[in-house]
Amino acid sequence: MENKILKKVDYIFQETSVSEVIDIIIKTLAKSPDDIILDVIDSGLKGRGGAGFPTGLKWKFTKNEDNPVKYVICNADEGEPGTFKDREILETVACKVLGGMTICGYSIGAKEGYIYLRGEYNYLLPQLNKVIDEFNKQLKSKGIDFVIFIKSGSGAYICGEESALFESMEGKRGEPRNKPPYPAVSGYNSKPTVINNVETLVYVTMICKMGVERFKALGTKDSRGSKVFSVSGDTPTPGIFELELGMPLADFVEDFGDGDTKAVQVGGASGHCVPRKQLKDTIIGFEGIPTGGSMMIFNSSRSMYNVLHDYLEFFNEESCGQCTPCRVGCQQLLKGIESVKKGERKPLYLDELKKLASTMKIAAKCGLGQSVANPFNSIVDNFREEIIY
Amino acid sequence: MSNIETLVKDLVEKHGKSRNSLMPVLQGIVKEERFLSEESMIMVAKELDLSAAEVYGTASFYTFLDTEPRGKNIVRICKTISCHMKGKDEIIEALESSMKIKVGETSHDKKFTLLTANCLGWCHKGPVMLVNDVVFPEITPQKAIEVIQDYAKNSK
């Protein structure tokens, strides 16, 4: 394994004006769509929302669909607890997001792009609309056939799931669809659609600006480049930091912890809880623990029962209720740990709950229900005594 | 035409008469009225040529599309883990005692509804409060009460 150390970088938040982004687009659009897609594939860029699907492949599958109407969607429904990077990106460098969308649109043959912004971020709308208007105007004046619109959510975590997001944009309940078909074949309005995270689209712009090689020089074989991390919890330096991928979690805690770190929740409520003894052997990246960027640090004063209880309450409320494994599973996991804590159930009941969580992983319809097992099993395994006593 | 009828007609005209406009239309009503009354949902159904059940189905799915009467200002306190660790309970207690309502309730003068919310995306600057569309990060119990008093003064 390559030995990486923690390194701060500054690509995402590098100041860039609308006209500079337009210049990057014009330079990039001199290439053929296929060449751009090959570049994105070659860069090794993987989705920065957390799931980590190779961005270039997503584009290629969508381009291969024979349909006159296609869409590019920027997923700005940032609802994962502990994640706040997309808000900052849209607040400070929105034009780079729009740049990534335009380049994607050209590459796959789409004429329209949408940003789906979570309702909790509505205060960003006036400023964003201004940037989008100016951007659309400049695209038009340069003869680039692509228009960007914005749509708002209304407070539903599940709409960050891509197919639930399409449903919401179509005016329906945000309930995930069955897959396949995947968005590349049938997404928004049942048309071929590329849906990328805010941060992924900024990296597209940066890769087109600085070249594939410079992006590839960072990170590891499985996790190319850098990533924006949202750091919160028991840390003297909470905030947003862009770091090279592939670092050991121990290095991260060395830099950001308060000296008394007990555990780190990597990837938000739906991610994994890593206890102190595993910090050294855990790599932050797709070969280790992938993350949408949420890093919540807990010190020894925190009760991991409370942490897990908070997460389960969250999932219980945000489960869309469509499929039984998730709807009933979330409820029973929450009730289960409460009854073990109160002594109404034997500690061994936790093992049955773990089986339930693992069943949800296979049986739930979408990522929400499937990922509840991540925090549940990792917290119960590592902090069993805190759940029981 | 009643106020709500004009509002719905204007919104449908602005966003277009298609199923895809349902969310922006409902959001537009909530922005003005703070909630979706039965009357308004039936009106939207008629205008967009949908069944009222479908409109209600969509409306009832989303936290921010309330279907019961709300106050003029909606106060939401983030209750997710980082804000929990930073003391959201103290904020809620302070607001409950100063507004004389519990979470989920609306004040007698209909000026405020107090609610909790799941992660609002300010984990590094918790606890955080959202009043309508305005965000207040790193709030203290004292500051929260002051903000509410300002809103009380400015809304008749």
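Right above here is the structure, for reference.
Bear in mind that the values here come from a model prediction, so they are computed numbers and not experimental data.

Caption draft 1: Spotlight on the state of the cysteines. If you walk through the whole model with that rule in mind, you get zero disulfides over all chains. With no disulfide of its own, A:Cys273 has B:Cys123 as its nearest cysteine by sulfur position, at a separation of 16 Å. Of all cysteine sulfurs, the one in A:Cys326 lies closest to A:Cys330, which takes part in no disulfide; the gap is 4.0 Å. A relative accessible area of 1% means that A:Cys330 is categorised as buried.

Caption draft 2: Highlighting the interface of chain B and chain A. Contact with chain B, which involves 30 residues of that partner, is made by 48 residues of chain A. Summing both sides of the interface, chain B and chain A together bury roughly 3100 Å²; the carbon and sulfur share of this comes to 54%. Applying the counting criterion to the chain B and chain A interface returns one salt bridge. Of the charged contacts, one joins B:Lys79 and A:Glu317 as a salt bridge, the two residues approaching to 2.4 Å between their closest N and O atoms. The tally of links between chain B and chain A comes to 24 residue pairs in polar contact (both at pLDDT 80 or more). Going through the elements one at a time, helix 2 (22-33), helix 4 (52-61) and helix 5 (81-85) of chain B are the ones with two or more residues in the side of chain B that touches chain A. Considered class by class, the residues forming the side of chain B that touches chain A number 14 nonpolar, 12 polar and four charged.

Caption draft 3: Inspection of the nonpolar core at higher detail. Counting residues in hydrophobic clusters, the biggest one holds 76 residues, and the most contacted among them are A:Tyr311, A:Phe315, A:Ile337, A:Phe376, A:Ile379, B:Ile29 and B:Val44. No other element matches the eight residues that helix 11 (residues 304-318) of chain A contributes to this core. Membership of the second largest hydrophobic core comes to 60 residues, among which are A:Val18, A:Phe146, A:Ile207 and B:Cys123.

Caption draft 4: A look at the layout of surface pockets. In this structure, the second largest pocket encloses a volume near 1000 Å³. If you go around the second largest pocket, you meet 28 residues; those closest to its centre are A:Leu125, A:Ser152, B:Gln27, B:Gly28 and B:Lys31. Going through the elements one at a time, helix 6 (125-141) and strand 3 (147-152) of chain A together with helix 1 (3-15), helix 2 and strand 1 (73-78) of chain B are the ones with two or more residues in the lining of the second largest pocket. Sorting elements by how many residues they give to the lining of the second largest pocket places helix 2 of chain B first, with six residues. Along the lines of polarity and charge, the residues of the lining of the second largest pocket split into 10 nonpolar, 11 polar and seven charged.

Caption draft 5: Local environment of the sheet that holds strand 4 (residues 134-136) of chain B. All names here are of chain B. Taken together, the four strands give an open sheet; going across it, the order is 2-1-3-4, and neighbouring strands pair in mixed fashion. The open sheet has two free edges, formed respectively by strand 2 (112-117) and strand 4, since each of these has just one partner strand. Sheet twist, expressed as the average angle between the axes of neighbouring strands with direction ignored, equals 20°. Note that strand 3 (residues 129-131) and strand 4 share three bridges and pair antiparallel. Its bridge partner lying in strand 4, valine 131 is registered against valine 134. Each of strand 1, strand 2 and strand 3 touches helix 6 (residues 88-99); the most contacted strand, strand 1, lies at about 155° to it.

The rules behind the values
Residues numbered from 1 in each chain as written. Chains lettered and ligands numbered in written order. Predicted model: local features only at pLDDT ≥ 70, side-chain atom pairs only at ≥ 80, totals over all residues. Heavy atoms only, no water. Disulfide = S-S within 2.5 Å. Buried < 20%, exposed > 50% of the residue type's maximum accessible area, 1.4 Å probe, protein only. Contact = heavy atoms within 4.5 Å. Buried area = accessible area lost by both parts, 1.4 Å probe. Salt bridge = Lys/Arg side-chain N within 4 Å of Asp/Glu carboxyl O. Polar contact = N/O pair within 3.5 Å; in protein donor to acceptor, adjacent residues only side chain to side chain. Helix = DSSP H or I, 4+ residues; strand = E, 2+ residues; numbered from the N terminus. Nonpolar A, V, L, I, M, F, W, Y, C, P; charged D, E, K, R; others polar. Core = buried A, V, L, I, M, F, W, Y, C linked by side-chain atoms within 4.5 Å. 1 Å grid on protein atoms, 1.4 Å probe; cavity = no way out; pocket = protein on both sides within 12 Å on 5 of 7 lines; lining within 4 Å. Points joined across faces, edges and corners; volume = space filled by probe spheres on them. Pairing = 2+ DSSP bridges. Axes fitted to C-alpha atoms, helices over the stretch in contact; angles between N-to-C directions.

Spatial relationships are all this shows, so hold off on functional conclusions.
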